[in-house]
Every structure is written in C-alpha cells, then in structure tokens.
Amino acid sequence: QVQLVESGGGLVQPGGSLRLSCAASGIIASIHAMGWYRQAPGKHQRELVATITSGGVTRYADSVKGRFTISRSNAKNTVYLQMNSLEPEDTAVYYCNADGITYWSGTYDRGGWGQGTQVTVSS
C-alpha cells in the first residue's frame, strides 16, 4: 500500500498563504493523478480541492480557483498545493490522494489517502 506523507499545514491569518506538500513513498514508476481534498468542521464528507494528472491536467473546485495552485513533481512523486489569499472558510483537514499507482515491480495500486493535515485560517 502506498504511503502518503503530508506536511505544511498550520495556523494562518486571513489573507495569508500556506504551501502543502505530499510525498508518495515506494518504488513507484508512475502515479496517474494526485490531489487534495478537504473536510471542513461540521461536515461529514470530503470535497475536492484540486487534482493534477501526470500529464499536468488540473482540476479545481470553484471556491479555490484563482487562489490555489496545484503542482507536482513526477520524479519525486510529490504533489504541492500553494494556497494564497486564505479565508476562514478554507479551514479544514486537508487530505492528500494518489490514484492509479504503478510500481516498478509491475504491481498496480488503485490509490490511497494521507492521514490529513489541519489548516486553520483565523485572526
């Protein structure tokens, strides 16, 4: 099973910025898509924030367009989320996701989730 290690969460004031990172460990040949989802306080379901394919095709939630930027390093099997102009409504646990993992051994893994990192936007 893929191991996803997240970093970069924390407390930030409204209007501030944070950069999240998520690295997938293992002898990985490729990951079709990586992305970020979040679960806000009081919500029982994770919502899509942004995803990016190995070819660089991106998808964003309407609520974060123009403020967040997703990117990845295929060589490092790492996905990033640059979050600017943060708002209190962005407060949530952010989860990293990897989908469609091929290992050098030939093994295929549908994907997995990180444990989540807390992002709190408050003055």
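Preceding this section is the structure that the text describes.
Description of the structure in this document. Note that the structure is predicted; figures quoted are calculated from it, not measured.

### Details of the state of the cysteines
Argument step 1. Counted under the stated rule, the structure contains one disulfide.
Argument step 2. Between the sulfur of Cys22 and that of Cys96 lies a disulfide, 2.0 Å long from S to S. The sign of the -85 degrees torsion about the S-S bond sets the Cys22-Cys96 disulfide as left-handed. With a gap of 74 residues between them, Cys22 in strand 3 (residues 18-25) and Cys96 in strand 9 (residues 92-103) connect regions that are remote in the sequence.

### Remarks on the pattern of salt bridges
Argument step 1. Scanning the model with the defined rule gives five salt bridges in all.
Argument step 2. In this structure, Asp62 and Lys65 form a salt bridge, with 3.1 Å as the shortest nitrogen-oxygen distance. When sorted by exposure, Asp62 lands in the same class as Lys65, which is exposed.
Argument step 3. Taking the shortest distance from any N to any O, the salt bridge between Arg67 and Asp90 comes out at 2.8 Å.

### Brief notes about the sheet that holds strand 3
Argument step 1. Read across the sheet, four strands follow the order 1-3-8-7 without closing on themselves; strand pairing throughout is antiparallel. The open sheet has two edge strands, strand 1 (3-7) and strand 7 (68-73), and neither has a second partner. In this sheet, neighbouring strand axes are inclined to one another by 15 degrees on average, regardless of whether the strands run parallel or antiparallel.
Argument step 2. Direction of pairing for strand 7 relative to strand 8 (residues 78-83): antiparallel, over a ladder of six bridges. Pairing of Thr69 across the sheet is with Gln82, part of strand 8.

### What to know about the environment of Thr78
Argument step 1. Looking at the element boundaries, Thr78 is found in strand 8.
Argument step 2. Taking C-alpha positions, Thr78 is 9.8 Å from Ile31, a pair spaced 47 residues apart along the chain.
Argument step 3. Residues within four places of Thr78 in sequence aside, it is in contact with Cys22, Ala23, Met34, Ser71, Arg72 and Ser73.
Argument step 4. A polar contact is formed between the side chain of Thr78 and the backbone oxygen of Lys76, at a distance of 2.9 Å.

### Here we look at the nonpolar core
Argument step 1. The biggest cluster of nonpolar side chains holds 30 residues, and the ones touching the most others in it are Trp36, Val49, Phe68, Val79, Leu81, Met83 and Tyr94.
Argument step 2. Ranked by residues supplied to this core, first place goes to strand 9 with six residues.

### Things to note about the pairing of strand 1
Argument step 1. Going residue by residue along strand 1, you find Leu4 and Glu6 tucked away on one face and Gln3, Val5 and Ser7 left uncovered on the opposite face.
Argument step 2. Alignment of strand 1 against strand 3, held across five bridges, turns out to be antiparallel. From the neighbouring strand, Leu4 faces strand 3, where its bridge partner is Ala24.

Rules of the game
Residues numbered from 1 in each chain as written. Predicted model: local features only at pLDDT ≥ 70, side-chain atom pairs only at ≥ 80, totals over all residues. Heavy atoms only, no water. Disulfide = S-S within 2.5 Å. Helix = DSSP H or I, 4+ residues; strand = E, 2+ residues; numbered from the N terminus. Salt bridge = Lys/Arg side-chain N within 4 Å of Asp/Glu carboxyl O. Buried < 20%, exposed > 50% of the residue type's maximum accessible area, 1.4 Å probe, protein only. Pairing = 2+ DSSP bridges. Axes fitted to C-alpha atoms, helices over the stretch in contact; angles between N-to-C directions. Contact = heavy atoms within 4.5 Å. Polar contact = N/O pair within 3.5 Å; in protein donor to acceptor, adjacent residues only side chain to side chain. Core = buried A, V, L, I, M, F, W, Y, C linked by side-chain atoms within 4.5 Å.

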